[in-house]
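# A closer look at the structure
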Amino acid sequence: MQPVFDGHNDVLFRLWQNAAKGADPVAEFMEGTHQGHIDMPRARKGGLTGGLCAIYITSGDLPDETRDANGHYAIPLSEPLERAPSLDIALEMAAIAFRLDRAGGWKICRTGAEIEAAEAEGKFAAVLHMEGCEPIDADLAALEMFYAAGLRSLGPVWSRNTIFGHGVPFAFPSSPDTGPGLTDAGNRLVRECNRIGIAIDLAHITEKGFWDVAKLSDQPLIVSHSNAHVLTPISRNLTDKQLAAVRESNGLVGLNFAVTMLRADGAKRADTPMSDMIRHIDYLVGHVGIDGVALGSDFDGATIPAEISDAAGLQKLVAALREAGYGADDVKKICRDNWLRVLRSAWHEAAV
Ligand SMILES: [Zn+2]
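Residues numbered from 1 in each chain as written. Predicted model: local features only at pLDDT ≥ 70, side-chain atom pairs only at ≥ 80, totals over all residues. Heavy atoms only, no water.

## Some words on the coordination of the zinc ion
Each protein donor to the zinc ion is listed here as Glu-131 (OE), His-204 (NE2) and His-225 (NE2); together their distances run 2.1 to 2.2 Å. Positions of the donor residues of the zinc ion, expressed as sequence spacing, correspond to E-x72-H-x20-H. Note that Glu-131 is positioned in strand 5 (residues 124-131) and His-225 in the loop between strand 9 (222-223) and helix 9 (240-248), a separation of 94 residues in sequence. The pair Glu-131 / His-225 is uniform in exposure class, with both members buried. (Donors = N, O, S within 2.8 Å, 3.2 Å for Na, K, Ca; no water. Helix = DSSP H or I, 4+ residues; strand = E, 2+ residues; numbered from the N terminus. Buried < 20%, exposed > 50% of the residue type's maximum accessible area, 1.4 Å probe, protein only.)

## A short note on helix 1 (residues 11-20)
Within helix 1, seven of the ten residues are buried, which leaves it mostly tucked inside the rest of the structure. If you check which residues of helix 1 are buried, you get Val-11, Leu-12, Phe-13, Arg-14, Leu-15, Trp-16 and Asn-18. Backbone geometry just after helix 1 places Gly-22 at a positive phi near 105 degrees.

## Re the environment of Ile-222
Structurally, Ile-222 is set in strand 9. Looking at Ile-222, the relative accessible area reads 2%, which means it is buried. In the structure, Ile-222 is positioned 198 residues away from Asp-24 in sequence and 33 Å away in space, judged by C-alpha atoms. With residues near it in sequence (within four places) discarded, Ile-222 still touches Ala-199, Ile-200, Asp-201, Leu-202, Leu-252, Trp-339 and Val-342. (Contact = heavy atoms within 4.5 Å.)

## Section: unusual backbone geometry
The peptide bond linking Phe-172 to Pro-173 adopts the cis configuration, its omega dihedral lying at -10 degrees. Of note in the backbone geometry, Asn-250 takes a positive phi value of approximately 60 degrees without being a glycine. Tracing the backbone through its elements, the reader meets Asn-250 in the loop between helix 9 and strand 10 (252-255). Of note, the phi angle at Ser-309 is positive, near 70 degrees, even though the residue is not glycine. As for its position among the elements, Ser-309 is in the loop between strand 11 (293-295) and helix 12 (314-323). Relative accessible area serves as the criterion here: at 39%, Ser-309 is assigned to the partly exposed category.

## So, the pattern of salt bridges
With the rule as written, the count across this model stands at 21 salt bridges. Its salt-bridge partner being Arg-336, residue Asp-337 comes within 2.8 Å of it at the nearest N-O pair. You can call Asp-337 partly exposed: its relative accessible area is 22%. Several salt bridges converge on common partners, so that one network encompasses Glu-116, Glu-119, Lys-332, Arg-336, Asp-337, Arg-344 and Glu-349. (Salt bridge = Lys/Arg side-chain N within 4 Å of Asp/Glu carboxyl O.)

## Some words on helix 12
When we look at burial in helix 12, the residues that qualify are Leu-314, Leu-317, Val-318, Ala-320 and Leu-321. When helix 12 is viewed along its axis, its buried side chains cluster within an angular range of 160 degrees and face the same direction. In this structure, the buried side of helix 12 is in contact with strand 1 (4-9), helix 3 (40-46), strand 2 (48-55), helix 11 (274-288), strand 11 and helix 13 (328-346). Where helix 12 terminates, the next one or two residues include Gly-325, which has phi positive at roughly 105 degrees. (Arc of directions from axis to C-beta.)

## What about the pairing of strand 2?
Summarising burial for strand 2: eight of the eight residues are buried, a large majority. Summarising the sheet, strand 1 and strand 2 pair through four bridges and their orientation is parallel. The residue bridging Phe-5 from the neighbouring strand is Gly-50, located in strand 2. (Pairing = 2+ DSSP bridges.)

## Side note on the sheet that holds strand 10
Ordered by their spatial adjacency, three strands build an open sheet running 9-10-11, and the pairing between neighbours is parallel. Edge positions in the sheet fall to strand 9 and strand 11, since each of these pairs with one other strand and no more. Bridge count for strand 10 against strand 11 is three bridges, and the pairing is parallel. Counterpart to Gly-254 in the pairing with strand 11 is Ala-294.

## Focus on the nonpolar core
By size, the foremost hydrophobic cluster in this structure holds 95 residues, and its most contacted members are Trp-106, Leu-154 and Phe-257. Looking at this core element by element, the count peaks at eight residues for helix 11. In this structure Leu-154 touches His-129, Met-130, Cys-133, Ile-136, Leu-143, Leu-189, Cys-193, Ile-198, Ala-199, Ile-200 and Asp-201, once residues within four positions along its chain are discounted. Counting 17 residues, the second-largest nonpolar core is a separate cluster that includes Phe-5, Leu-340, Leu-343 and Ala-346. (Core = buried A, V, L, I, M, F, W, Y, C linked by side-chain atoms within 4.5 Å.)

In structure tokens:
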């Protein structure tokens, strides 16, 4: 079985939501459930050895995508969130992550060596990511604390504005150039992440924000869960110019399994064929190179193709990659090794 290290999931959000309704998140993850996409039994079955697990503060349910006759829609940007309640939620989600670690459900990993050790032990290698930095103050005191706790990746924004930058609203068709870029605090955040070794994720940021980070950051550019805009012209996907910049920086794009970001018509239909995933992979490989394409499933955060269904179905994608002509080394890079390489670089670790 080809091991898969995946660049983006929202399992902590699902566990946090269910915990609020009285469920035990440790049991839910370790014993398994029929809900959502990731738990220990399904990860094992699909060869999912680990991934970036997001701390994400919800704005509540988004308004329904009201699509016109052509299937076009534009959901207004969610309102900015207050910091104090966001910080409370971030601590609750981090606590679930550390309780799972203590219970042996997974291993929180802070280095490439720790990821490899967890994989060797057969433990899910969880890297803590923060999707949108609402819990972090402009003086970055909370950043220091979250780093000490194990945070190793963050996106300055989700599809919402923060004190650090501006996010893209969900809109189809739409350019990703929907608003301003980084703020002064955002510039400080990027420099500090570079300095202490936290990966910066450009999924959800406006195109201007993308270019601001590209100018400022000394890390490879990472877009953990986005696809090719040419194939699916949603605001969340990347233009050819952005893909070229990712390639130039030796960075990475993780394929998002969200059907709305894979299909040419942008529709939310689970009967999306695997060929749409391969079409994006082929295009991304053509524009970023085989060393710069990986997976960023958005498990537990999106409607994904029914054919994959959940983490247990990941080897179907592996099989589709092989059928599409990707050799063993290429499949390894896409499914795992490229993530390890860029994370090690962002974390100031020597390449292995
Ligand atoms: Zn996301």
